[in-house]
Amino acid sequence: MTTVDSPTAGRIASALRRLYFVRFAFAIVWAALMFITKGQLGPLGIALIVLYPLFDVAAAIVDARSSRATGPALGLYVNIAISLLAAVGLAIAAVNSGVPGALLVWGVWAVVSGLVQLVVGVVRRRMDGQWPMILSGGISVLAGASFAMGASAPNPSLTNVAGYAVLGGIFFLVSALRLGRAAKGN
């Protein structure tokens, strides 16, 4: 594990803090828009379910660039690839299989990306603000399994993914608030 000096750690914490605040705001707005669709896949619903993993890609890129000084960000690069595949898979599933297919793809993506988030959080655990990310990764794995199983339920809906986004956003908010101390240089 690479050791970084306090000013570098403070810059990384500050950058992550800003990113986490943006992720919180995005999740809340996205969830509100998803509730408007009532969990169905019209043009807005399809655009929203594809946009979410694409935003995750953009956030992971910002995160990887911000934390370059701590060494390779393999977990973040894996997350970028997984989220790009999820966006493509969600678009295909939504058009060809509707809500059940999209829910299944979302569930698989939540499980895999949750495992990656869990690993990244554990690697960064010495930095304040990572315990909410570790918990969020674990919850993502469980929620993803639930979404995948719910894909075969009668009348499946995507409204649960909106609640999942809100919960994830809250974890980002808590993590951002906890990173405040690290951003100030401890």
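Residues numbered from 1 in each chain as written. Predicted model: local features only at pLDDT ≥ 70, side-chain atom pairs only at ≥ 80, totals over all residues. Heavy atoms only, no water.

The subject of this paragraph is the overall build of the protein chain. Assigned secondary structure in the protein chain consists of five helices and zero strands. Listed by position from the N terminus, the elements making up the protein chain come as α-α-α-α-α. The buried share of the protein chain, reckoned over its 186 residues, is 46%. Of the contacts formed within the protein chain by residues at least 6 apart in sequence, a portion of 78% connects residues at least 24 apart. Carbon and sulfur atoms form 70% of the exposed surface of the protein chain, whose accessible area is close to 9100 Å². (Helix = DSSP H or I, 4+ residues; strand = E, 2+ residues; numbered from the N terminus. Buried < 20%, exposed > 50% of the residue type's maximum accessible area, 1.4 Å probe, protein only. Contact = heavy atoms within 4.5 Å. Areas by Shrake-Rupley, 256 points an atom, 1.4 Å probe, with all protein chains shown as cover.)

Any residue range with low pLDDT should be treated as having predicted coordinates unsuitable for detailed reading. Counting all residues, the mean pLDDT for the protein chain is 85, and 86% of those residues have values of 70 or more. Within the protein chain, helix α3 (residues 74-123) carries the highest mean pLDDT (92), whereas helix α5 (residues 159-183) carries the lowest (83). Taken as a whole, residues 1-5 scores under 50 in pLDDT and shows seven contacts with residues more than four places along the chain or in a different chain. (pLDDT = per-residue confidence, 0-100.)

For I139, the position within the fold is in helix α4 (residues 131-150). Take I139: its relative accessible area is 31%, and that puts it in the partly exposed class. Through-space distance from the C-alpha of I139 to that of G114 is 7.5 Å; in sequence the pair is 25 residues apart.

Here the focus is the packing of helix α2 (residues 43-66) against α3. Remark: α2 packs on α3, axes separated minimally by 9 Å, with the N-to-C direction vectors making an angle of 175°. With respect to α3, the element α2 is oriented roughly antiparallel. Looking at side-chain class alone, the contact of α2 with α3 contains 22 nonpolar, two polar and two charged residues. (Axes fitted to C-alpha atoms, helices over the stretch in contact; angles between N-to-C directions. Parallel < 35°, antiparallel > 145°, perpendicular 65-115°, else oblique. Nonpolar A, V, L, I, M, F, W, Y, C, P; charged D, E, K, R; others polar.)

So, about α3. Spanning 50 residues, α3 covers only 11 Å between terminal C-alpha atoms, well under the ideal 74 Å at 1.5 Å per step. Along its length, α3 reaches its greatest deviation from straightness, about 150°, at S97, and the proline P100 lies no more than four positions downstream. (Expected span 1.5 Å × (residues − 1). Bend = angle between axes of the 7 residues up to and from the residue.)

As a further point, take the side chain of S83. Residue position: S83 is located in helix α3. Only 2.7 Å separates the side chain of S83 from the side chain of D56, close enough to count as a polar contact. (Polar contact = N/O pair within 3.5 Å; in protein donor to acceptor, adjacent residues only side chain to side chain.)

Bringing a nonpolar patch on the surface into the picture now. There is a patch of nonpolar side chains on the surface, built from V29, L33, I36 and L44 and spanning about 350 Å² of accessible area. Per-element accounting of the nonpolar patch gives the leading share, three residues, to helix α1 (residues 6-36). Inspection of the secondary structure puts I36 in helix α1. On the basis of relative accessible area, I36 is assigned to the exposed category, the value being 57%. (Patch = residues over 30% accessible without salt bridge, like charges linked within 9 Å, V, L, I, M, F, W, Y side chains within 5 Å. Salt bridge = Lys/Arg side-chain N within 4 Å of Asp/Glu carboxyl O.)

The next point concerns the pattern of salt bridges. Under the defined criterion, the tally for this structure stands at one salt bridge. For R23, the salt bridge is made with D56, and the minimal N-O distance between the two is 2.4 Å. Of this pair, R23 sits in helix α1 while D56 sits in helix α2, placing them 33 residues apart in sequence. This pair shows no difference in class: R23 is buried, exactly as D56 is.

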